[in-house]
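As a plain string of letters, each chain reads:
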Amino acid sequence: RQTFKTPGQKIVTSNVIGMIEGTTEKDQYVVISAHYDHLGIQDGQIYNGADDDGSGTAALIAMAEAIQEKVKMGQRPRKSIVFIAFSAEESGLLGSSFYTKNTFLHLSQTTCDLNIDMIGRIDETRTTPDKSNYVYVIGHDKVSSEWESLLAKVNRNNPLVLDYKFDLPDDPERIFYRSDHYNFARFGVPILFFYDGMLGDDYHQ
């Protein structure tokens, strides 16, 4: 646990971090992240955050479990994989900001951050046939130029529609700046952000 205080509010909270150590490149770190905070109670109404970001947090835990099962079978990754559940994302990306400024794992040795924030629902504005078989990918061309070809290679045998519409320079929602991956990108760490696009009327509810 990496404990910190939120500015002004002085609330003590923490990022929760776990690592599966690699083999030949164990000093290179692949970060997989999601945020576990949400809005709590506001004006007497509970905001549970099941999609934002319970869905990403559940995926983070599932991936850690799956990779650890591979390790038990003797299939350890070459690079170390770091799983981070960030706090205080909803207060202004505070958990990831604190981590990137105070990390015990050097950012120069961080290969990338794969961030998962809202993957549990279907974009109501999406009318194409792939409506239930897609994910929005953000940041594929922001820090590194290699992501698109790597994603195509990984996705080749299990086709999922990878939609890059939120990476357009004129994205009115400015999604690239709105989750924890951004604090890695601003330090030059390549990032990918996976997202369901649910900004409908019940966003955050």
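Our structure is the block above this text.
Definitions and limits used
- Residues numbered from 1 in each chain as written.
- Predicted model: local features only at pLDDT ≥ 70, side-chain atom pairs only at ≥ 80, totals over all residues.
- Heavy atoms only, no water.
- Pairing = 2+ DSSP bridges.
- Helix = DSSP H or I, 4+ residues; strand = E, 2+ residues; numbered from the N terminus.
- Axes fitted to C-alpha atoms, helices over the stretch in contact; angles between N-to-C directions.
- Contact = heavy atoms within 4.5 Å.
- Core = buried A, V, L, I, M, F, W, Y, C linked by side-chain atoms within 4.5 Å.
- Buried < 20%, exposed > 50% of the residue type's maximum accessible area, 1.4 Å probe, protein only.
- 1 Å grid on protein atoms, 1.4 Å probe; cavity = no way out; pocket = protein on both sides within 12 Å on 5 of 7 lines; lining within 4 Å.
- Points joined across faces, edges and corners; volume = space filled by probe spheres on them.
- Nonpolar A, V, L, I, M, F, W, Y, C, P; charged D, E, K, R; others polar.

Student: Please explain the pairing of strand 2 (residues 12–20) as it appears in this structure.
Tutor: A regular strand places its side chains so that they alternate between the two faces of the sheet. Taken together, the 4 bridges between strand 1 (residues 2–5) and strand 2 define a ladder with antiparallel strand orientation. Note on strand 2: the bridge partner recorded for Thr3 is Ser14. Between the antiparallel neighbours strand 1 and strand 2 lie 6 residues, among them Gly8 with a positive phi of about 75°. Judged from the 5 bridges that link them, strand 2 and strand 6 (residues 79–86) form a sheet pairing that is antiparallel. Paired with Ile20 across the two strands is Ile81, which belongs to strand 6.

Student: Teacher, can you tell me more about the sheet that holds strand 10 (residues 191–195) here?
Tutor: The strands that make up a sheet pair up through hydrogen bonds in the backbone, lying either parallel or antiparallel. Within the open sheet, the 8 strands sit side by side as 1-2-6-3-7-10-8-9. Their pairing is mixed. Each edge of the open sheet carries a strand with a single partner, namely strand 1 and strand 9 (161–163). Each strand axis lies, on average, 25° off the axis of its neighbour in the sheet, ignoring direction. Along the sheet face, helix 1 (residues 50–72) touches strand 2, strand 3 (25–35), strand 6 and strand 7 (110–116) and points at about 150° away from the line of strand 3. Seen against the sheet, helix 2 (residues 94–102) touches strand 1, strand 2 and strand 6 and runs at an angle of roughly 115° to strand 1.

Student: Sorry if this is basic, but what is going on with the nonpolar core here?
Tutor: In a soluble, globular protein the nonpolar side chains are often hidden away together inside. In this structure, Ile138, Phe184 and Tyr195 are the most contacted members of the largest nonpolar core, which totals 22 residues. The set of elements that each furnish at least two residues to this core consists of strand 3, strand 6, strand 8 (134–138), helix 4 (181–185) and strand 10. Leave out the neighbours within four places in its chain, and Tyr195 touches Asp117, Met118, Ile119, Val135, Tyr136, Ile138, Phe166 and Ile175.

Student: Any chance you could explain the layout of surface pockets here in plain terms?
Tutor: In this approach the atoms are scanned with a rolling probe the size of a water molecule, which exposes any empty space left behind. Approximately 1200 Å³ is the volume attributed to the largest pocket. Along its surface, the largest pocket is lined by 34 residues, and Leu114, Leu151, Val154, Leu192 and Phe194 are the ones closest to its centre. Residue assignment for the lining of the largest pocket shows that the elements contributing at least two residues are strand 3, helix 1, strand 6, strand 7, strand 8, helix 3 (147–154) and strand 10. Of the residues assigned to the lining of the largest pocket, the class counts are 23 nonpolar, 6 polar and 5 charged.

These figures come from the coordinates and say nothing about function on their own.
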